[in-house]
Amino acid sequence: MSNEIEQFLERQDEAVSALFLENKGEELTDILVAALEEAFEILLEAAPAETFH
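Conventions we followed
Residues numbered from 1 in each chain as written. Predicted model: local features only at pLDDT ≥ 70, side-chain atom pairs only at ≥ 80, totals over all residues. Heavy atoms only, no water. Helix = DSSP H or I, 4+ residues; strand = E, 2+ residues; numbered from the N terminus. Buried < 20%, exposed > 50% of the residue type's maximum accessible area, 1.4 Å probe, protein only. Areas by Shrake-Rupley, 256 points an atom, 1.4 Å probe, with all protein chains shown as cover. Axes fitted to C-alpha atoms, helices over the stretch in contact; angles between N-to-C directions. Contact = heavy atoms within 4.5 Å. Nonpolar A, V, L, I, M, F, W, Y, C, P; charged D, E, K, R; others polar. Patch = residues over 30% accessible without salt bridge, like charges linked within 9 Å, V, L, I, M, F, W, Y side chains within 5 Å. Salt bridge = Lys/Arg side-chain N within 4 Å of Asp/Glu carboxyl O.

Colleague: Could you clarify how one ought to interpret the overall build of the chain in this entry?
Modeller: Helix and strand content of the chain: two helices and zero strands. Counting all 53 residues of the chain, 4% fall into the buried class. For the chain, the exposed area adds up to about 5,100 Å²; of that, 59% sits on carbon and sulfur atoms.

Structure representation (C-alpha cells):
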C-alpha cells in the first residue's frame, strides 16, 4: 500500500475516533452511509452488464 493511502486511512481513523469521543453519532452515521453508497456504486460499475442464469 502506498504511503499516501496509509496516511489517508490514518486520518480517517483519527476522524472516526474523534467523533466517537465527542459522541457525535449522527455525523458518524452520515460518513458511514456515504461510504456504503460509494461502495455500492463501485460494485455496480464492476458488475457485468448482463446476468447469466
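Colleague: Looking at this model, I keep getting lost on the packing of helix H1 (residues 3–21) against helix H2 (residues 25–46). Mind explaining?
Modeller: Axis angle and axis distance: for two packed helices, these are the angle between their axes and the distance between the axes, and together they describe the pair. Taken N-terminus to C-terminus, the directions of H1 and H2 make an angle of 150°; their axes are 8 Å apart at the nearest point. Within the contact between the two elements, H1 uses Val16, Leu19 and Phe20 and H2 uses Glu27, Leu28 and Ile31. Of the residues in the contact of H1 with H2, the class split is five nonpolar, no polar and one charged.

Colleague: What exactly am I supposed to notice about a nonpolar patch on the surface here?
Modeller: Together, Ile5, Phe8 and Leu9 line one region of the surface with nonpolar side chains, adding up to about 260 Å² of accessible area. Positionally, Leu9 belongs in helix H1. Among the residues examined, Leu9 registers a relative accessible area of 32% and is labelled partly exposed.

Colleague: Just checking my understanding: could you explain the environment of Glu37 for this structure?
Modeller: Mapping Glu37 onto the fold places it in helix H2. Sequence spacing of Glu37 and Ser2 is 35 residues, and the spatial spacing of their C-alpha atoms is 25 Å.

Colleague: Would you mind showing me how to read the environment of Glu50 here?
Modeller: With respect to the secondary-structure elements, Glu50 resides in the segment after H2. Each C-alpha atom, one on Glu50 and one on Ala34, is 27 Å from the other, the two residues being 16 residues apart in sequence.

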